[in-house]
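Single-letter residue listing:
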Amino acid sequence: LKNKKIAVIGYGNQGRAQALNLKDSGLNVLVALRKNSKTIETVKKDKLNVSDISDAVEWADIISILVPDKIAPEVYNKYIHSYLRDGKTILFSHGYNIYYKKITIPDFIDVIMVAPSAGGAIVREKYKEGYGVPTLLAVEQNSSGYGIEIAKSYSKAIGGTRVCAFVSTFKEETETDIFGEQAILTGGLPYLINNAYNTLIDNGYNSTVAWFVCYYEVKTIVDLFYNKGFEEFYSLISDTARYGGISRGEKLIDNNFGLKLSSMLEDIKSGKFNKELSQYIDDGKSPKSFKNLENKTKEMLNLIKE
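We now turn to the structure provided with this report.

Section: the packing of aromatic side chains
Counted by the stated rule, this structure contains 9 aromatic pairs. Put simply, the rings of F225, F230, F233 and Y234 touch in pairs and so form one group of aromatic residues. The ring centre of Y127 lies 4.3 Å from the NZ or CZ of R162, which sits over that ring.

What to know about the sheet that holds strand β6 (residues 110-116)
In spatial order, the strands read β3-β2-β1-β4-β5-β6-β7-β8; together these 8 strands make up an open sheet with mixed pairing. Two strands lie at the open edges of the sheet, namely β3 (49-52) and β8 (165-167), each paired on one side alone. Taken pair by pair, the neighbouring strands of this sheet meet at an average axis angle of 30°, ignoring direction. One ladder, built from 4 bridges, connects strand β4 (residues 62-65) with strand β5 (residues 89-92); its direction is parallel. Counted as the bridge partner of I62 is T89 from β5. Here helix α8 (residues 170-185) sits on the sheet in contact with β5, β6 and β7 (135-141), set at roughly 35° to β6.

Let's talk about the nonpolar core
Counting residues in each nonpolar core, the largest one holds 29 residues, and the members touching the most others are I9, I65, I80, L84, I90, F92 and I105. Those elements giving two or more residues to this core turn out to be β1 (5-9), β2 (28-33), α3 (53-59), β4, α4 (72-80), β5, β6 and β7. It is α4 that contributes the most residues to this core, 5 residues altogether. For I90, the residues in contact, after removing those within four places along its chain, are I63, I65, Y76, I80, L84, I105, I109, D110, V111 and I112.

A look at the pairing of β3
Relative to β3, β2 is paired through 4 bridges, and the arrangement is parallel. Within the sheet, the bridge partner assigned to L30 lies in β3 and is N49. Handedness of the β2-helix α2 (residues 40-45)-β3 crossover: right-handed.

Brief notes about the packing of helix α1 (residues 13-24) against helix α6 (residues 120-128)
For any two helices packed against each other, the geometry comes down to the angle between their axes and how far apart the axes lie. Two elements in contact, α1 and α6, have axes separated by 7 Å at closest approach and are oriented at 20°. With respect to their mutual orientation, α1 and α6 come out roughly parallel. Remark: the crossing between α1 and α6 carries left-handed chirality. On α6, the residues touching N13, Q14, A17, L20, N21 and D24 of α1 are G120, V123, R124 and Y127. Here the residues of the contact of α1 with α6 are counted per class, giving 4 nonpolar, 4 polar and 2 charged.

Thoughts on α1
Given a rise of 1.5 Å per residue, 12 residues ought to cover 16 Å, and the 17 Å separating the end C-alpha atoms of α1 matches this to within 8%. Among all positions in α1, only Q14, G15, A17, Q18, A19, L20, N21 and L22 are buried. In the core, the buried residues of α1 are packed alongside β1, β2, β4, β6, α6 and α7 (147-157). Directly after α1, the chain includes G26, whose backbone phi takes a positive value near 85°.

Description of the pattern of salt bridges
Following the criterion strictly, the structure yields 7 salt bridges and no others. Here R16 ties to D46 by a salt bridge, and the two come within 2.8 Å at their closest N and O atoms. Here R16, found in helix α1, pairs with D46, found in the loop between α2 and β3; they are 30 residues apart in sequence, far enough to count as distant. Taking relative accessible area as the criterion, R16 reaches 32% and is therefore assigned partly exposed. E129 is the partner of K126 in a salt bridge, and the nearest nitrogen-oxygen pair spans 3.7 Å. On the accessibility criterion, E129 (49% relative accessible area) is partly exposed.

Things to note about a nonpolar patch on the surface
On the surface, I184, L185, L189, L192, L252 and I253 cluster together into a nonpolar patch covering about 600 Å² of accessible area. Secondary-structure elements contributing two or more residues to the nonpolar patch are α8 and α9 (188-202). Its location among the elements puts L252 in helix α11 (residues 239-252). Look at L252 and you get exposed, because its relative accessible area is 55%.

Quick look at the packing of α9 against helix α10 (residues 207-236)
Close contact between α9 and α10 brings their axes to 9 Å; oriented N to C, the two are set at 160°. The orientation of α9 relative to α10 falls into the category roughly antiparallel. Seen from above, α9 lies across α10 with right-handed handedness. Taken together, the residues of α10 that come into contact with α9 (itself represented by I193, N194, A196, Y197, L200 and I201) are S207, A210, W211, V213, C214, Y215 and V218. For the contact of α9 with α10, the residue count by class is 11 nonpolar, 2 polar and no charged.

The rules we used
Residues numbered from 1 in each chain as written. Predicted model: local features only at pLDDT ≥ 70, side-chain atom pairs only at ≥ 80, totals over all residues. Heavy atoms only, no water. Phe/Tyr/Trp six-rings, centres within 6.5 Å; stacked < 30°, edge-to-face > 60°. Lys NZ or Arg CZ within 6 Å of the ring centre and 35° of its normal. Pairing = 2+ DSSP bridges. Helix = DSSP H or I, 4+ residues; strand = E, 2+ residues; numbered from the N terminus. Axes fitted to C-alpha atoms, helices over the stretch in contact; angles between N-to-C directions. Contact = heavy atoms within 4.5 Å. Core = buried A, V, L, I, M, F, W, Y, C linked by side-chain atoms within 4.5 Å. Buried < 20%, exposed > 50% of the residue type's maximum accessible area, 1.4 Å probe, protein only. Right-handed = clockwise from strand over helix to strand, strands pointing away. Parallel < 35°, antiparallel > 145°, perpendicular 65-115°, else oblique. Left-handed = near helix turned anticlockwise from the far one by under 90°. Nonpolar A, V, L, I, M, F, W, Y, C, P; charged D, E, K, R; others polar. Expected span 1.5 Å × (residues − 1). Salt bridge = Lys/Arg side-chain N within 4 Å of Asp/Glu carboxyl O. Patch = residues over 30% accessible without salt bridge, like charges linked within 9 Å, V, L, I, M, F, W, Y side chains within 5 Å. Areas by Shrake-Rupley, 256 points an atom, 1.4 Å probe, with all protein chains shown as cover.

What follows is the structure, given as structure tokens:
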């Protein structure tokens, strides 16, 4: 990448982190934003060059599209597609729009992915510490024959290969990322915590005590098995915690739970979830399930504030 010109489209959490890391790695970076974007001043304060999107696409060898998935198709169709030429590479940090064919890119363009396994703030923080976060690499179109080499180099430039870079596919990244969100990160874990809290409240326990055991202590436990691994984690906790967790955890994670997880994954693989999400985002029609989810989220946020 030393002699390549890189345009970073968007300057949100990932865009800002990756652009700054690329700059600090000594590469030629230009941030591209829509005219009158409120973020232009932030880019200038960060001492990065900024340009209109279409001009940046014409200038760049590598176009890193880091705007939100929701608006990426519009940005691509309006500002990028008509300005593509042979020899350019388009890079994503999530496979959603390519895998579900919301964006279709000419076959003379390389299409690759470098997906950090953390939010932008962590990507930047770890880089500044001389470390990094793992990155998933994938190549969807390889017109030049150098797609994976470009992906590895880009990963190095944002700090990924300081830790780990592993090869996958757009399909695998998209399906597993969405599943992980739904089953654990933004679905399973918040609902598990909230229901446990409510169970204590409904049975007359003090709200402060309930908050500490159901919310506050979660980070302590996650940090423990993140840093030590599950085997050592179980050796470090009390006999009461170990026996109770293993024997009672099975009551929660039973066969029915496994079937529900399989059903969630099947919705993702079949395109059912994408269809529902598209209906909500593109058409402004909110399915009942989504309305219920929004109401549940509001209830959960109010509970946390209390």
